[in-house]
Every structure is written in C-alpha cells, then in structure tokens.
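Each chain, written out:
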Amino acid sequence: MKLLSIAIPCYNSAAYMENCIKSLLPGGNEVEILIVDDGSTKDNTAEIADRYEKEYPGICKAIHQENGGHGAAVNAGLKAASGIFFKVVDSDDWVNEQAYRQVLDTLRRFVYGKDTLDMLITNFVYEKQGARHKKVMSYKLALPKDELFSWNDVKVFVAGQYILMHSVIYRTELLRDCKLELPEHTFYVDNIFVYEPLPHVHTMYYLDVNFYRYFIGRSDQSVNEQVMIGRIDQQIRVTKLMLGYYDVTKIQNRKLRHYMVRYLEIMMVVCSILAIKSGSEENMEKKKALWEELKKSNPALYLRLRWGFLGQGMNLPGKGGRSLSIAGYKIAQKFFGFN
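Residues numbered from 1 in each chain as written. Predicted model: local features only at pLDDT ≥ 70, side-chain atom pairs only at ≥ 80, totals over all residues. Heavy atoms only, no water.

Undergrad: Please explain the packing of aromatic side chains as it appears in this structure.
TA: Each aromatic ring pair is described using two quantities: the centre-to-centre distance and the angle formed by the ring planes. Throughout the structure, instances matching the rule amount to 18 aromatic pairs. Ring centres of Tyr195 and Tyr263 lie 5.7 Å apart, and the angle between their planes is 50 degrees; this geometry places the pair in the tilted category. Remark: Tyr263 occurs in helix 9 (residues 254-278) and Tyr195 occurs in helix 6 (residues 190-195); sequence separation between them is 68 residues. Assessed through its relative accessible area of 0%, Tyr195 is described here as buried. Residue Tyr263 is classed as buried on the basis of its relative accessible area of 2%. Ring geometry for Trp291 and Tyr302: centres 6.3 Å apart, planes at 75 degrees, overall edge-to-face. (Phe/Tyr/Trp six-rings, centres within 6.5 Å; stacked < 30°, edge-to-face > 60°. Helix = DSSP H or I, 4+ residues; strand = E, 2+ residues; numbered from the N terminus. Buried < 20%, exposed > 50% of the residue type's maximum accessible area, 1.4 Å probe, protein only.)

In structure tokens, the structure reads:
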C-alpha cells in the first residue's frame, strides 16, 4: 500500500505534462503517480505516460481510457488508487519539492500515529503567466496550524478565500465511502471534488507550506475567462449539481454549514458574472432561470444567497447595474489574482 496516490488527468498534455510528473517523482516509492491519458489523440501523451511507467515501475502507472473529460480521469485515478491518501494534480501544474517532502512527512505521521486524518490542507500559488507577483492562497487566518482540528475549530474565511482542489489531499477511503463520482464530459468538476466530501470530513490538518503551483496563462485553459463564458452551460450544470447534493441549510455543524453556503454563493456569483460579461440576453435568461430554480427548490437558501451582499451585486437592474457588477468583479479579480 502506498502512502499517497496522485492522479494526473492528461488530455493532449504532451507539451507540459513531464514538468508535472518530474515534480512528483521525489516522493519515491511511497507515492503512486497515476498518469491518466483521457483519450488523447492530437499528440504523444499516451506514449509519454507509458514511458514513465516503464522507467519508474511501481511508482508511475499509465491509465488509458476513452475521452470522458476531467471528471472521468479523476474517477479513473480514484478507482485505481492504492494509496492511503489521494490527490489530484492537473497536468499543467506542478508541486514545490521542499513543501512536498513536508506533506509526505505529515501524512506519514498520521499513518503511523493513533489519529485518523480525513483532509490535509496546504497553500497553493497562482503561477499566472506574466505576473510579477505570485498570489499565494494561504489559510493562516482561517485554520489552526500544525494541529489536528475539526470544523468547530475553524476560524473565519475572508472574502475570496476557499479550499480548492489545489489545496486538498483527502483520505482515499473517505472519498470512496461518500461515493464520490464526478460527472463525465463536464468542465469545472474540481468544485464538486472539493465540495461534496465536506460533510464526511471530521478531522483536518493545515500545513502552512506553498505546495501546489497552479498555472494560469494558456489561452485554451478552461479557467480562461472567455473560455468560461463560452462554457457557461457547464458552469451552471456543476452549480446545479452542487445545490442538489445537500440541503445545506440543515447541516447541523454551524461552521461547516456557513462554509458550504458561502461556497454555493461563490458558484452562483461566477455563473452570474459570466452571464453578465457575455453581453448575451440568452445567457442573462439562463442566469435568471438559475436563480428562479433555486428559489423554488430551496427558498431559505435562495433568500440567503440572493439578498446577501454578493447576490445583490450580481442582480443589479439595467445596464448600469450590469456595469457596476462587472466593475466589482474586476476589482476582486485584480485583488485575488484569479483568471
């Protein structure tokens, strides 16, 4: 059994996937690197995956499947994982070696100790192409450092601060026990990956290291703003799925409930601002329908999200209101360094 399984979803990733794989190799025999070739046809992704499996037997494993999207690749990695813990690293991202060793040391302590760890959280760095200053997503103010804690011990997450896929390492059996299965042929499922398991997480540990390096800058990336606008239907689909997993207003733990409500709030805001920025009346109707569907399905949650500060900011009337919404978004974009 491995200490950590790392799934790398790859789709026509030959230009950059080796940088990702090489950053993970220092984990040695304790780590299992699952290179998931998701039906790549335009380059030699499959051959690169096979080469690393041959060169690093017992560490790298190539998985080949028909194209099913990011979610299907994560599902395949989770199914094949033999590690006690599980992480996803996208093929255009990488990890910091020193922080990586600290992560493995921390996981090892829990494996050989008496306490069970459900989720390890680390910082990640926005490696934005062309940016002089690299924005670090840190959780120092929100989470206790270097100790096992529960949701009751969580402090306050500031605006724009969320636990994302880049931040987390889950206990593998926890993901299997909660029957996590991401939808296929759907973008933005990383939100589901980090959201759906949360009510099953009872113990957490925050390691204050800049472990994950999240690359932003390719024009074809799914997080490129224009690409996201073109895929607004995908964003709406993921948001609807997340709204349907739980009635978050009834989650008993107050701090977990508050966090999950805020996560849904940001998902609604993203859908709304994409519709507004598109300038398309068709997308504005989709935005309106999303809010109306929430109003019907969960009136209490609708009231919380629609009449909160962000909800009101995304539903200002008229062209002037849309302009104000976009202006607020641009300020947040510059401050937090996303997209």
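Undergrad: I would appreciate a short explanation of the side chain of Thr203 in the present structure.
TA: Within the secondary structure layout, Thr203 lies in the loop between helix 6 and strand 10 (204-216). A polar contact is formed between the side chain of Thr203 and the backbone oxygen of Thr116, at a distance of 2.6 Å. Within the structure, the side chain of Thr203 is placed 3.1 Å from the backbone nitrogen of Asp118, a separation counted as a polar contact. Contact partners of Thr203, with chain neighbours within four places excluded, come to Thr116, Leu117, Asp118, Met119, Leu148 and Phe149. (Polar contact = N/O pair within 3.5 Å; in protein donor to acceptor, adjacent residues only side chain to side chain. Contact = heavy atoms within 4.5 Å.)

Undergrad: I would appreciate a short explanation of the pairing of strand 1 (residues 2-10) in the present structure.
TA: Side-chain direction in a regular strand flips from residue to residue, so the side chains alternate between the two faces of the sheet. Burial analysis of strand 1 places 9 of its 9 residues in the buried class, the great majority of the element. Across 5 bridges, the pairing between strand 1 and strand 4 (residues 83-88) is parallel. By the bridge assignment for strand 4, Lys2 is matched with Gly83. With 7 bridges connecting them, strand 1 and strand 2 (residues 31-38) associate as parallel partners. When the sheet's bridge partners are listed, Ile6 is paired in strand 2 with Ile33. (Pairing = 2+ DSSP bridges.)

Undergrad: Got a minute to help me understand the pairing of strand 6 (residues 119-128) in this structure?
TA: The element strand 6 is extensively covered by neighbouring structure, given that 9 of its 10 residues are classed as buried. Here strand 6 pairs with strand 9 (residues 168-171) via 3 bridges, running antiparallel. Along strand 9, the bridge assignment pairs Met119 with Tyr170. Sheet topology note: the strand 6/strand 10 ladder contains 10 bridges and is parallel. Of the residues in strand 10, the one forming a bridge with Met119 is Met204. One ladder, built from 2 bridges, connects strand 6 with strand 7 (residues 136-137); its direction is antiparallel. Its bridge partner being in strand 7, Val125 is matched across the sheet by Val136.

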